[in-house]
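Report on the structure
One letter stands for each residue in the lines below.
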Amino acid sequence: MKDKRVYKIVITAIFIALCFVGTMIQIPLPSGGMIHLGNFFCILAALLCGGLIGGIAGGVGCGLYDLIIYSSVRGFFTYLVLKFIMGFFVGFLFRFIINKDKKIKYNVALYIISAVIIIFTSLTIFGFKTGRFNLSSSIKNKEMYIAIVCTVGYLFSVALIALAIFSAKLRKQQKCVLFVCSLSVLINIFLEFISKVILGMAIDSLNIDGALLRGFSSLPACILTGTITVAFISIIYPKLYNATKNINYLNDIDEEKLNNEE
């Protein structure tokens, strides 16, 4: 029991470091701006080791990045909460569906998620065209950036629709991972939006219009980072799970139910 606690602490520390470094690994875009891999390691930790470890790793790792790099105490506590919720939700829901053998209509769920992503992506275009977005100064070519975000968002939505149509050909593990990770994109968008609005009004004394402007300005980065995270996770997680399941002492996935096709 004591050895398992030590193992859990070590694994949590490793994933905290990976989330921190992943947030530092920023892939630049030709328009200016970038994407990062912090969310990827948060969700990966949640799927492999459970929601608690995923939440702690994402919250502390991504929060520390803001604290150390930008000296932002507010950023630390904001991401401590937001990424913890995202990681915990993904890990908990994944295990709840698999271990409780819950029957999910994955095709319907993917249709709904793709429709919501389409709406958010369309709002991004609308917000940019009407001047309701205040994009980062690091983005030099704002039109190209919005074009990249919307292309990725729409392609992701089309891919979800295609996967929904052919979901019967996917394994249960693949469908469940795709579902919970895609849902995490929506959760991340919602949490980022709400946090920007609330903090803008409560701490920065913005009026409702200014707070909403700040909230909607978080949409493009969330769509871009979230969709790419789902793509990476969907490809990497199944192989990584199979490679580590015999040495991962925190693996509490019911193997029989995982392989029990619907």
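Residues numbered from 1 in each chain as written. Predicted model: local features only at pLDDT ≥ 70, side-chain atom pairs only at ≥ 80, totals over all residues. Heavy atoms only, no water.

**Re the overall build of the protein chain**
Quick note on the threshold: Helix and strand assignments come from DSSP, with helices taken as H or I runs of at least 4 residues and strands as E runs of at least 2, each series counted from the N terminus. Every radius of gyration here is taken over C-alpha atoms, with the globule rule written as 2.2 Å times N^0.38, N being the number of residues. Here's how the labels work: a residue is buried when its accessible area is under 20% of the maximum for its type, exposed when over 50%, partly exposed in between, all with a 1.4 Å probe on protein chains only.
A tally of regular secondary structure across the protein chain gives ten helices and two strands. Taken from N to C terminus, the helices and strands of the protein chain fall in the order α-β-β-α-α-α-α-α-α-α-α-α. At 19 Å, the protein chain has a C-alpha radius of gyration in line with the 18 Å of a compact globule built from 262 residues. Dimensions of the protein chain, computed from the C-alpha atoms along their principal axes, are close to 55 × 45 × 30 Å. Looking at the 262 residues of the protein chain, the share that counts as buried comes to 46%.

**Section: the packing of helix α2 (residues 38-49) against helix α9 (residues 219-244)**
Relative placement of two packed helices is described by the angle separating their axes and the distance separating the axes. Formally: Interaxial angle, 0 to 180 degrees, is taken between N-to-C directions of lines fitted to C-alpha atoms, where a helix line uses only the stretch in contact. Two helices cross in a left-handed way if the nearer one is turned anticlockwise from the farther one by less than a right angle. They cross in a right-handed way if the turn is clockwise. Contacts are assigned to residue pairs with any non-hydrogen atoms lying within 4.5 Å of each other. Residue classes follow a fixed rule: Ala, Val, Leu, Ile, Met, Phe, Trp, Tyr, Cys and Pro count as nonpolar, while Asp, Glu, Lys and Arg count as charged, and any other residue, Gly among them, counts as polar.
One can describe the packing of α2 onto α9 by two numbers: an axis separation of 9 Å at closest approach and a directional angle of 35°. Two packed elements cross with a definite hand, and for α2 against α9 that hand is right-handed. Contact residues: N39, F40, I43, L44, L47 and L48 in α2; T225, T229, F232, I233, I236, Y237, L240, Y241 and T244 in α9. Its residues assigned to classes, the contact of α2 with α9 shows eleven nonpolar, four polar and no charged.

**A few points about the packing of aromatic side chains**
Going by this rule: Geometry of aromatic contacts follows a simple scheme: Phe, Tyr and Trp rings, the Trp one being its six-membered ring, pair when their centres are within 6.5 Å, and the pair is stacked under 30 degrees between planes, edge-to-face over 60, tilted otherwise.
Within this structure, the stated rule accounts for 13 aromatic pairs. Each ring, one from F40 and one from F232, has its centre 6.3 Å from the other, and the planes form 85°; the classification is edge-to-face. Highlighted residues: F40 in helix α2 and F232 in helix α9, separated in sequence by 192 residues. A residue is classified by how much of its surface remains accessible, and F232, at 33% relative accessible area, is partly exposed. Between F92 and F96, the ring centres sit 6.0 Å apart and the planes meet at 20°, which makes this aromatic pair stacked. Remark: F96 and F92 occur in helix α4 (residues 73-99); sequence separation between them is four residues, near one turn of the helix. Here the aromatic cluster, defined as three or more aromatic residues joined through ring pairs, consists of F84, F88, F92 and F96.

**Examining the nonpolar core**
Side chains of nonpolar character tend, in soluble globular proteins, to be buried together. The test is simple: By convention a nonpolar core is built from buried Ala, Val, Leu, Ile, Met, Phe, Trp, Tyr and Cys residues, the set being connected through side-chain atoms within 4.5 Å.
Grouped together as the largest cluster of nonpolar side chains are 63 residues, with contacts concentrated most on L47, F94, V180, I233 and Y237. Among the elements of the structure, α1 (2-24), α2, α3 (51-70), α4, α5 (106-129), α6 (142-165), α7 (172-202) and α9 are those that each provide at least two residues to this core. At ten residues, the largest contribution of residues to this core is made by α2. Setting aside chain neighbours within four positions, we find L47 in contact with V90, F94, R95, V177, V180, C181, I233 and Y237.

**A few points about the packing of α4 against α7**
Heads up, the condition is: If an angle is under 35 degrees, it is roughly parallel; if it is over 145, roughly antiparallel; if it lies from 65 to 115, roughly perpendicular; otherwise it is oblique.
Relative orientation of the contacting elements α4 and α7 amounts to 155°, with a least axis distance of 9 Å. Comparing the axis directions of α4 and α7 gives the class roughly antiparallel. As for the relative orientation of α4 and α7, their crossing is right-handed in sense. Residue composition of the contact of α4 with α7, grouped by class: 18 nonpolar, four polar and five charged.

**A word on α9**
Put simply, the rule is: One less than the residue count of a helix, multiplied by 1.5 Å, gives the span that helix is expected to have. Throughout, bend refers to the angle between the axes fitted to the seven residues that end at a position and the seven residues that start at it.
In a regular helix each residue adds 1.5 Å, so 26 residues correspond to 38 Å; α9 covers 35 Å between its end C-alpha atoms and thus fits that length. Considering bend angle alone, the principal kink of α9 is centred on I236 and spans about 35°; proline P238 follows within four residues of it.

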